Amino acid sequence: MQTNLKVKRFNPGEPGAQPVFQEYSLDIHPDSTILDALVTVREEVDGTLALRCSCRASICGSCGMRINGRARLVCKTRVADLAPNGEQLIVEPMGNQRVVKDLIVSLDTFFDQINRVRPYLQPDSVPESGEFLASNESMTNLLTSMNCIMCGCCVSDCTVLEVDSNFIGPAALAKAWRFTEDPRDGERDSRLKILNDEDGGIWDCTRCMQCVEVCPKEVAPMDRIMELRDAAIEAGYKNTSGYRHTESFYKSVKKNGRLDESRLAIDSTGWTNIPGLLDLAPVGLKAMMKGKLPPIRPHKAEDKEKIKNAYEKVEGERK
Ligand code: SF4
Ligand code: FES
């Protein structure tokens, strides 16, 4: 079959170089992966194309790239699945990471983020004899996060990292979750406290789901981040605007069947946070002038009793 690749080329090492797209058309076997096609380009058409791969079996995590704007392992993605009729495939390096050359990105930032969460066990005691025996259930629980192959796809497509490079990021937070859940670790509480308090920590995720969508190993980093939030709240860490936002949202929908937006903004900022409340004033004023100020007395949903019952049912199941 025929494939048409439009590949982003860039060599930051060349003075004055700018990214450009280069097109390649070639005949490939119908079962070829995008990696097979790119390797064919490098070996038979243009030996200057830089790309990284190793296992070719979605194990090593080294072939992450953006295809048509979405991060994927190219050794796991067949050309025919995305472009069965020879449609053009746009191939770019992963996002949110520095390009070394063409399709290769530096993993320095990725591993800096991983290092921020102390990705190793810190036991508070060592058994006097023998090993620390962990139950099968506790180890099985860790499998989601332990499946991570450090490919960086989730970091590439994280919408928070696009605007805030200080965010710890989905892969590192999924890794942090793994250590808070490990019964052999003795630092669960301090880990949760740091992840809760830290600028760029668990409350900075906007739940856009991109990391869940692109992860090739079903680590579902966003789900792990939500579990870290629950664990931090259960451990008593409630001093963040993120927690207050969640609490306000929960209470207003339970009470009125609808979100009370005015109250949400004030609750999230904190009623005693005078500078923060003053910062809200211009936004409120602008909203008022444009007729967008939420009502002071919140609207109530007609079926709010049903919603309240649903809440009580879920709360009862959790007890
Ligand atoms: Fe890759 Fe998934 Fe690990 Fe992110 S969490 S680095 S997408 S395997
Ligand atoms: Fe190893 Fe793709 S080459 S994961």
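On a predicted model such as this, the values are computed, not experimentally measured, just so you know.

This brings us to helix H8 (residues 170-180). Most of H8 sits inside the fold, with 11 of its 11 residues counted as buried. Within H8, the full set of buried residues consists of Pro170, Ala171, Ala172, Leu173, Ala174, Lys175, Ala176, Trp177, Arg178, Phe179 and Thr180.

Turning our attention to the site of ligand 1. Every residue lining ligand 1 is accounted for by Cys148, Ile149, Met150, Cys151, Gly152, Cys153, Cys154, Ala171, Cys215, Pro216, Val219 and Pro221. Its residues assigned to classes, the shell around ligand 1 comprises 11 nonpolar, 1 polar and no charged.

Glancing now at the environment of Ile67. Along the chain, Ile67 falls in strand E3 (residues 64-67). With relative accessibility at 1%, the residue Ile67 sits in the buried group. In sequence terms Ile67 and Ile34 are 33 residues apart; their C-alpha atoms lie 9.1 Å from each other. The residues touching Ile67, leaving out its near neighbours within four places in the chain, are Ile34, Arg72, Val74, Leu82, Leu89, Ile90 and Val91.

Our next topic: the nonpolar core. Ranked by internal contacts, the top residues of the largest apolar core, which has 32 residues, are Leu5, Val7, Leu38, Leu51, Met65, Val91 and Leu103. If one sorts the elements of this core by residue count, helix H1 (residues 34-45) sits on top with 6 residues. Those residues within four positions of Val91 in sequence are excluded, and the remaining contacts are Leu5, Lys6, Val7, Lys8, Phe21, Leu38, Met65, Arg66, Ile67 and Leu103. In terms of nonpolar packing, the next biggest core, distinct from the first, is built from 31 residues, Phe110, Cys154, Val155 and Phe167 among them.

As a further point, take the sheet that holds strand E2 (residues 20-27). Overall, mixed pairing links the 5 strands, which are arranged E2-E1-E5-E3-E4 in an open sheet. Among the strands making up the open sheet, the edge pair consists of E2 and strand E4 (70-73). Averaged over all pairs of adjacent strands, the angle between strand axes in this sheet comes to 35°, irrespective of strand direction. Relative to strand E5 (residues 88-92), E3 runs antiparallel, the two being bridged by 2 bridges. Its bridge partner being in E5, Arg66 is matched across the sheet by Glu92.

Relative to each other, helix H3 (residues 108-116) and H8 sit at 30°, their axes nearing to 8 Å. On the basis of the axis angle, H3 is roughly parallel to H8. Between H3 and H8 lies a crossing of right-handed hand. Along its contact with H3, which presents Phe110, Gln113 and Ile114, the element H8 presents Ala171, Ala172 and Lys175. In terms of residue class, the contact of H3 with H8 is made up of 4 nonpolar, 1 polar and 1 charged.

Where charged atoms of side chains with opposite charge meet at close range, the side chains can pair. Counted under the stated rule, the structure contains 19 salt bridges. Across the pair Asp102 and Lys101 runs a salt bridge, and its minimum N-O distance is 3.8 Å. Residue classification places Asp102 among the buried positions, given a relative accessible area of 3%. Relative accessible area serves as the criterion here: at 24%, Lys101 is assigned to the partly exposed category. Between Asp197 and Lys193 there is a salt bridge, and its shortest N-O distance comes to 2.8 Å. With a gap of 4 residues between them, Asp197 and Lys193 both fall in helix H9 (residues 188-197), about one helical turn apart.

Reading the values: rules and limits
- Residues numbered from 1 in each chain as written.
- Chains lettered and ligands numbered in written order.
- Predicted model: local features only at pLDDT ≥ 70, side-chain atom pairs only at ≥ 80, totals over all residues.
- Heavy atoms only, no water.
- Buried < 20%, exposed > 50% of the residue type's maximum accessible area, 1.4 Å probe, protein only.
- Helix = DSSP H or I, 4+ residues; strand = E, 2+ residues; numbered from the N terminus.
- Near = heavy atom within 4 Å.
- Nonpolar A, V, L, I, M, F, W, Y, C, P; charged D, E, K, R; others polar.
- Contact = heavy atoms within 4.5 Å.
- Core = buried A, V, L, I, M, F, W, Y, C linked by side-chain atoms within 4.5 Å.
- Pairing = 2+ DSSP bridges.
- Axes fitted to C-alpha atoms, helices over the stretch in contact; angles between N-to-C directions.
- Parallel < 35°, antiparallel > 145°, perpendicular 65-115°, else oblique.
- Left-handed = near helix turned anticlockwise from the far one by under 90°.
- Salt bridge = Lys/Arg side-chain N within 4 Å of Asp/Glu carboxyl O.

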